[in-house]
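The lines below spell out each chain.
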Amino acid sequence: MSSPLEPIVSSTPVVPEVAGETRLAVVSDEAPSPVREPREGTARALGMGLVVGALLAVTNVSMGLKLGWWESGSVTAAVLGFGGLAAVSRRRGSPYTPLENNLTQVTAVSVGAMPAAAGLLGPLPALMLLGLDVPGVGVAVWSVALGVLGVLAAHLLRRRLMEEEALAFPTGITTAELITAMHASAPEENRGRGVWLAVAAGVSAAITAVRDVLQKLPGMVAAPGSVGGVSTASLTWGLAWSPMLLAVGMMAGLHLGLSMLAGALVGWGVLAPWLLNTGAVKDATYDSLLGWLTWPGVGLLVGSAVVSLAAQARDFWGAAKDLGSLKRGGTLPRWAWLCGGAAAVVTLALGVGMFGMSVPQVLLALVVLLPLCAVCARGAGQVDVSPVTQVGQLSQVAAGVLLPGAVAPNIAVGGVVSGAAAQTGVSMWALKAGHLLGASPRRMLGAQLVGVLAGSLVSVPAYLLLTRAYGLGSEALPAPFSHQFRAVAELAVKGLAGLPPNAALAGGVAAGVGALLTLLARGRAARWMPSPVAMGIGFILPAYFAVTLCLGGAMAAVARWRWPHATGRNVPALAAGAIAAESLVGVLIGALKLLGLMA
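Residues numbered from 1 in each chain as written. Predicted model: local features only at pLDDT ≥ 70, side-chain atom pairs only at ≥ 80, totals over all residues. Heavy atoms only, no water.

A. Here's a closer look at the overall build of the protein chain. Along the backbone of the protein chain there are 22 helices and six strands. In the protein chain, buried positions account for 54% of the 599 residues. Across the protein chain, contacts joining residues at least 24 apart in sequence account for 81% of those joining residues at least 6 apart. (Helix = DSSP H or I, 4+ residues; strand = E, 2+ residues; numbered from the N terminus. Buried < 20%, exposed > 50% of the residue type's maximum accessible area, 1.4 Å probe, protein only. Contact = heavy atoms within 4.5 Å.)

Here's what the structure looks like:
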């Protein structure tokens, strides 16, 4: 992230319309001089974007099902694109240009966001845990429709938010700055990132293979002793042999790691032993305890979400003005409008036929989709946070009030809105980088739509392989945000009936705590306040996840204190390599199990 800065301006006049064409640029008051445009929409830039994006998509599926978090990937894609093509293209006498690098990151971000756009990290696991069997082909087509709607929403809002209001979009600024710096620096300055990434990937792949293939390492080393007469192993306390969890902690930082650990301490260190000792929960297993601890965990998430959305009340009014500005038109070509119409029809057909939604429920989701995508776009532009899950659950509440029905269709309503909004949010960051670099909006639109299709073809198989290999909802793949979508749907449809004893009270108290912490975090005490979102996830995930992630955050904090200049560049590369390698090996193991080549 970076603070808002002035737009990056090249000293060379650029007219980015058609790659490789010769244009006229005025360089003096006397006569025009021919200037050859930098390459932009090349096959190598698009191809590298698809490769890097596939890596991001697999990583996001694995990380999202384990932790509920996923990465937009703009900076990572820019670095990997440069590392993969800059040296080769230079030797061939055809330098890899900043505009090509931008197209690479735009494409990769579109591919990498598809696990969230498809609902693979929250809504779909929630539906599958309810027993709904959805065919993979149907999910793939559904995801393409939602991804297309999200991308088109971003381009409809682009002129208003980037040109007229000039919102910051800090991640986009960071990406543009990085692209400019990499192409201006000597090759030696960028080589270190690739070395650290490759070393981390090799070590991570080896550890994962020894753990999951050879089974010579345990998934968790349990802590000794007991808490309240219950063994720490039963309460999931320990340390994971997981390079991914360490790496996520390094990227998330010590504050989020400590926040998650605080949630785990309350949930798995205090409440879980109490539940077992009082008989409220009979079995000292993860699944049994999770059935109760989900509710205070979700309460923290919902309380934080309510305050966050209330703080963005102006964004809802801004979104209304955004929609009013669209009637001036000129932001999308005709073929894009046809794609949007086709995507809406597909969403309607599959929502009714595959998820059991009523026609009014699908129409409600489509009506609120663009305004709520605009809210996410404004959040991404103003505070660098896109409240994807929150707007999805807001639509669930609206559907529960206006069109009450079963739990599964209500979850699907949230999936429509959150899926499109996920693609909109990351698209705005990628488009901001392109805007600052002078890229062609139409080329970026084309690259993003190609990325949506490719992302669906990568994400859905990766999801199916992982869930079949490790078991959805297990300790290995807890899918924390699926519990949030399911809990909100049950409350919207059923009210408080059917909750475990005292779970409603615990959820209400937790919601109040989450709201209070979010309010306090907006003031001077922000640095001392734990993140209620991370705390809520700490209630839902096994405790050793929080311990390992917190350890990774501590390691990165020590490294930044001891070697401040080196770690700013190398820690992100090291973490990205570790996360990607464990994700890819996990998907490979899933494929081997599916083919019967591995038990």
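Still to come is the rest of the account.
B. Seen up close, helix α20 (residues 532-540). Among the nine residues in α20, eight count as buried, and that is most of the element. Listing the buried residues of α20 in full gives P532, A534, M535, G536, I537, G538, F539 and I540.

C. Local environment of the nonpolar core. Core analysis: the biggest nonpolar cluster contains 66 residues, and L120, W142, F355 and V391 have the highest contact counts within it. Broken down by element, this core gets its largest block of residues, eleven residues, from helix α6 (residues 136-164). Setting aside its immediate chain neighbours within four residues, L120 contacts V61, L65, P115, P125, V139, S459, V460 and Y463. Counting residues in each nonpolar core, the second largest holds 52 residues, with W69, L235, L261 and M529 among its members. (Core = buried A, V, L, I, M, F, W, Y, C linked by side-chain atoms within 4.5 Å.)

D. Local environment of helix α17 (residues 441-470). Along its 30 residues, α17 runs 41 Å from first to last C-alpha, staying within 8% of the 44 Å computed at 1.5 Å per residue. Just downstream of α17 lies G471, where phi reads positive at about 90 degrees. (Expected span 1.5 Å × (residues − 1).)

E. Looking closely at a nonpolar patch on the surface. Taken together, V221, L239, W241, L551 and M555 make up a surface patch of nonpolar side chains, about 420 Å² in accessible area. With respect to the element layout, W241 can be found in the loop between β6 (238-240) and α9 (243-252). (Patch = residues over 30% accessible without salt bridge, like charges linked within 9 Å, V, L, I, M, F, W, Y side chains within 5 Å. Areas by Shrake-Rupley, 256 points an atom, 1.4 Å probe, with all protein chains shown as cover. Salt bridge = Lys/Arg side-chain N within 4 Å of Asp/Glu carboxyl O.)

F. Local environment of the side chain of S456. As for its placement among the helices and strands, S456 is situated in helix α17. Relative accessible area serves as the criterion here: at 2%, S456 is assigned to the buried category. When near neighbours in sequence (up to four residues on either side) are disregarded, S456 contacts M114, A140, S143, V144 and P461.

G. View of the packing of aromatic side chains. Taken as a whole and judged by the stated rule, the model has four aromatic pairs. Measuring from ring centre to ring centre gives 6.3 Å for W274 and W292, while their planes differ by 70 degrees; the resulting arrangement is edge-to-face. Remark: W292 occurs in helix α11 (residues 286-311) and W274 occurs in helix α10 (residues 254-278); sequence separation between them is 18 residues. For W274, a relative accessible area of 40% puts it in the partly exposed group. (Phe/Tyr/Trp six-rings, centres within 6.5 Å; stacked < 30°, edge-to-face > 60°.)

H. Molecular detail of the packing of helix α16 (residues 407-437) against α17. Contact geometry for α16 and α17: axes closest at 12 Å, N-to-C directions at 145 degrees. Taken as a pair, α16 and α17 cross one another with a handedness that is right-handed. Facing Q423, S427, L431 and G434 of α16, the residues of α17 in contact are M444, Q448 and V452. Considered class by class, the residues forming the contact of α16 with α17 number three nonpolar, four polar and no charged. (Axes fitted to C-alpha atoms, helices over the stretch in contact; angles between N-to-C directions. Left-handed = near helix turned anticlockwise from the far one by under 90°. Nonpolar A, V, L, I, M, F, W, Y, C, P; charged D, E, K, R; others polar.)

I. Seen up close, the pattern of salt bridges. With the rule as written, the count across this model stands at ten salt bridges. Between R158 and E163 there is a salt bridge, and its shortest N-O distance comes to 2.9 Å. Judged by relative accessible area, R158 falls into the buried class, the value being 9%. A relative accessible area of 42% places E163 in the partly exposed class.

J. A look at empty space enclosed by the protein. Applying the stated rule across the entire model yields two cavities of 30 Å³ or more. Taken as a whole, the largest cavity encloses approximately 80 Å³ of empty space. Around the largest cavity, the lining is made up of 13 residues, and of these A118, P123, W142, F355 and G415 lie nearest the centre. Every element with two or more residues in the lining of the largest cavity is listed here: α5 (123-129), α6 and α16. Here the lining of the largest cavity takes four residues from α16, the largest share from any one element. Partitioning the lining of the largest cavity into residue classes produces eleven nonpolar, two polar and no charged. (1 Å grid on protein atoms, 1.4 Å probe; cavity = no way out; pocket = protein on both sides within 12 Å on 5 of 7 lines; lining within 4 Å. Points joined across faces, edges and corners; volume = space filled by probe spheres on them.)

K. View of the layout of surface pockets. What the second largest pocket holds in volume is close to 460 Å³. Of all elements in the fold, only α8 (187-212), β6, α9, α21 (543-562) and α22 (564-594) reach the threshold of two or more residues within the lining of the second largest pocket. Looking at which element gives the most residues to the lining of the second largest pocket, the answer is α22, with six residues. Here the residues of the lining of the second largest pocket are counted per class, giving 20 nonpolar, four polar and no charged.

L. Region of interest: the environment of P480. Relative to the helices and strands, P480 resides in helix α18 (residues 480-494). When the C-alpha atoms of P480 and G538 are compared, they prove to be 9.4 Å apart, with 58 residues separating the residues in sequence. Among residues more than four places away in sequence, those in contact with P480 are G64, L65, K66, L67, G68, I540 and L541.

M. Molecular detail of unusual backbone geometry. Positioned with a positive phi, F169 is a non-glycine residue whose angle comes to about 50 degrees. When you line up the elements, F169 lands in the loop between α6 and α7 (170-184). The phi angle at A479 is positive, at roughly 45 degrees, despite the residue not being glycine.

N. How the structure looks around the state of the cysteines. Throughout the structure, instances matching the rule amount to zero disulfides. No disulfide involves C373; its sulfur sits 6.5 Å from the nearest other cysteine sulfur, which is in C376. (Disulfide = S-S within 2.5 Å.)

O. Seen up close, the environment of G303. Looking at the secondary structure, you find G303 in helix α11. Non-local contacts of G303, meaning those with residues more than four positions away in its chain, are made with A511, G514 and A515.

P. The environment of V416, seen in detail. Secondary-structure assignment places V416 in helix α16. Since its relative accessible area comes to 1%, V416 is described here as buried. Distance in space between the C-alpha atoms of V416 and L146 is 6.7 Å, their sequence separation being 270 residues. Contacts of V416, omitting those with residues within four sequence positions, involve W142, L146, T347, A365 and L369.

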